[in-house]
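Remarks on the overall topology
The chain contents come next:
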Amino acid sequence: MPTAAQLFVKCLENEGVDYIFGIPGEENLHVMDALRDSPIKFVTVRHEQGAAFMADVYGRLTGRAGVCLATLGPGATNLITGFADANMDRAPIIGLAGQGATTRMHKESHQILDLVSLFAPISKYSTEIVAPEVIPEIVRKAFKDAQEEKPGGAFISFPENIAGMEVPEDLHPLKVQSATVPYPSPVKIAQAAELISKAKHPIVMAGNGVIRGDASDALIRFAEHLNIPVAQTFMAKGCIPFSHPLSLGTVGLQAHDYVSFGFNKADVVICVGFDMVEYHPKAWHPNADKKIIHIDQTYAEVDAHYMLEVGVLGDIGESLDQIAQQCEPKPYPNIDGLKDHIIAELDDYADDDAFPIKPQRILHDTRKAMGDDDILLSDVGAHKMWIARLYRCLRPNTCIISNGFATMGIALPGAVAAKMAYPDRRILAITGDAGFMMNSQEIETALRHNIAMVIMIWHDSQYGLIKWHQDRRFGRNGDISFNNPDFVKYAESFGAKGYRVEITDELLPTLEKAFDDNTVVIVDVPVDYRENMKLTEKLGQLVCND
Ligand SMILES: Cc1ncc(C[n+]2csc(CCOP(=O)(O)OP(=O)(O)O)c2C)c(N)n1
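Residues numbered from 1 in each chain as written. Predicted model: local features only at pLDDT ≥ 70, side-chain atom pairs only at ≥ 80, totals over all residues. Heavy atoms only, no water.

A word on the packing of aromatic side chains. Scanning the model with the defined rule gives 16 aromatic pairs in all. Here the aromatic rings of Phe 436 and Phe 487 are separated by 5.4 Å at their centres, their planes lie at 90°, and the arrangement is edge-to-face. On the criterion of sequence distance, the pair formed by Phe 436 in helix H18 (residues 433-438) and Phe 487 in helix H21 (residues 487-494) is long-range, its members being 51 residues apart. The same class applies to Phe 436 and to Phe 487, which are both buried. Taken together, a centroid distance of 6.0 Å and an interplanar angle of 75° make the contact between Phe 436 and Tyr 490 edge-to-face. Taken as a pair, Phe 436 in helix H18 and Tyr 490 in helix H21 lie far apart in primary sequence, 54 residues in all. Among the aromatic residues, ring-to-ring pairing joins Phe 263, Phe 274, Trp 284 and Tyr 306 into one connected group. Seen from the ring of Tyr 19, Lys 41 lies directly overhead, with NZ or CZ sitting 5.2 Å from the centre. In this structure, Arg 425 is placed above the aromatic ring of Tyr 422, and the distance from its NZ or CZ to the ring centre is 3.9 Å. (Phe/Tyr/Trp six-rings, centres within 6.5 Å; stacked < 30°, edge-to-face > 60°. Helix = DSSP H or I, 4+ residues; strand = E, 2+ residues; numbered from the N terminus. Buried < 20%, exposed > 50% of the residue type's maximum accessible area, 1.4 Å probe, protein only. Lys NZ or Arg CZ within 6 Å of the ring centre and 35° of its normal.)

Here you go:
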């Protein structure tokens, strides 16, 4: 008779799981042994946080839940940060942890923690397998909850004594039924169309829900048919190409930016797949005086600055197409000036050979090195703000930014998962030196799995974003500096390659060489973060004339 662990692994196979990222432990020996007979590949990592970030990014890129595994107690607590990141960034993720036997869970006992309660606030579903026969239901429910809108985390604690129990041969995984997205209500479609028809200056605010809902093409059709400009949140980059004449670029930097002029002028804001965990409505709607149309698969969150005029629930692409059919096109909006500033910011620095290198020049050269479908993963810090503003993203899911939980340390392990999901694309992690050191151990994992990826470190020996905030708020800073290892030698000590850029014009050729090396390569890039406060000052002086 099969064991409960074998049935569990069959259920994972049934869900289409390709990889499990994790660290084996004593309490999941049965599961690990069952994996020996499974096509699922186990990716042994060097820290459970790395596993959770890999599952996070794998889930975000594929729409299928990424799976991470740890042992009980300290293994499970190490999963928490990456798991919480996935949950708040709306990436489907399954967390699996071993647990002590049910016969010792009622008392103080070695390494035992109430894991179900620990994961409850950071997941949509958190449960324990208390009997082998419920495994098919638990696994199906976990994947269904994790993958359906809004996606997020599902956690399963698997006590070791249950995992070793025998189960009847006729217990099978449950059938996977694909989610049906509801059709939008014709009444709501008509209301939204009427509001847009009457609007003088409508604007679209697109969020990551557009990409998750595979509605990017519909969004472009909608914008083109009605001549409505589209701003994107950090996590929606690429839902409309930056180069599209109706794309306003990215919003989300709390400071006043060029794109926000579009919002100042707007009377109707059409929020499509927008998620306020990313960008608080108060930041773009301070006077709560505009009419909001919410188009999404799920209900809008309540917020004093996000009171709806109309909510259209259901398939996003379908909703956009139907609304567009019921509206007359608007006159072409006068928006050229807004994006021109951003384009000029990049182009003006194309030949800037000052050293250390300015963020604008780094991103200019980075764009040149990356093909349209290649994937850039940003870590969290000042570099993320520059990437969000200036990286000209052309396709959905080609610039991955964590902006729900906004967790440092995601980019390097995320890049490992991105390469596994898309082996034929160039994968670039851009990270600060602090975020890099948080999960640099996964370089070894990447090398062991023959993952080719480039890790570009923006080197300033400081928590750059925090210095920026301190300078901006208080005009002085402190407790933000640290020392770094020699990143080139550090790379080489793993058996990876390392390059230090010492002349600005070497950046692009170094990046090209790094990709051609076809292994794990660190590119150490000294960055000139004096540009941070210059940007703050420049944006602070912006005056909106219309
Ligand atoms: C895990 C985690 N810890 C702390 C923070 C708060 N935080 C955000 S950015 C930042 C500094 C990042 O420094 P670095 O990685 O060097 O990037 P830089 O800002 O210099 O580009 C900190 C401490 C966070 N977002 N995530």
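Okay, back to it.
Further remarks concern helix H1 (residues 4-14). Listed in full, the buried residues belonging to H1 are Ala 4, Ala 5, Leu 7, Phe 8, Val 9, Cys 11 and Leu 12. Just past H1, the residue Gly 16 takes up positive phi, approximately 85°.

In this section: unusual backbone geometry. In this structure, the amide linkage connecting Glu 149 to the following residue, Lys 150, adopts the cis form with an omega of -25°. With respect to the helices and strands, Lys 150 occurs in the loop between helix H6 (135-147) and strand E6 (153-159). The amide bond that connects Phe 355 to the next residue, Pro 356, takes the cis arrangement and shows omega of 0°. Looking at the secondary structure, you find Pro 356 in the loop between helix H14 (336-347) and helix H15 (359-369).

It is worth spelling out the pattern of salt bridges at this point. On inspection of all chains with the given rule, the structure shows 29 salt bridges. One salt bridge connects Asp 275 with Lys 150, and the closest N-O pair in it is separated by 3.5 Å. Taken together, the positions of Asp 275 in the loop between strand E10 (268-272) and helix H12 (281-284) and Lys 150 in the loop between H6 and E6 put the pair 125 residues apart, joining distant regions of the chain. Across the pair Lys 534 and Glu 531 runs a salt bridge, and its minimum N-O distance is 3.1 Å. Within this pair, Lys 534 and its partner Glu 531 are both found in helix H23 (residues 530-540), separated by three residues, close to a single helical turn. Here Lys 534 falls in the partly exposed class, since its relative accessible area comes to 45%. Take Glu 531: its relative accessible area is 3%, and that puts it in the buried class. A cluster of three or more residues bridged by salt bridges with shared partners is formed by Arg 46, Glu 444 and Arg 448. (Salt bridge = Lys/Arg side-chain N within 4 Å of Asp/Glu carboxyl O.)

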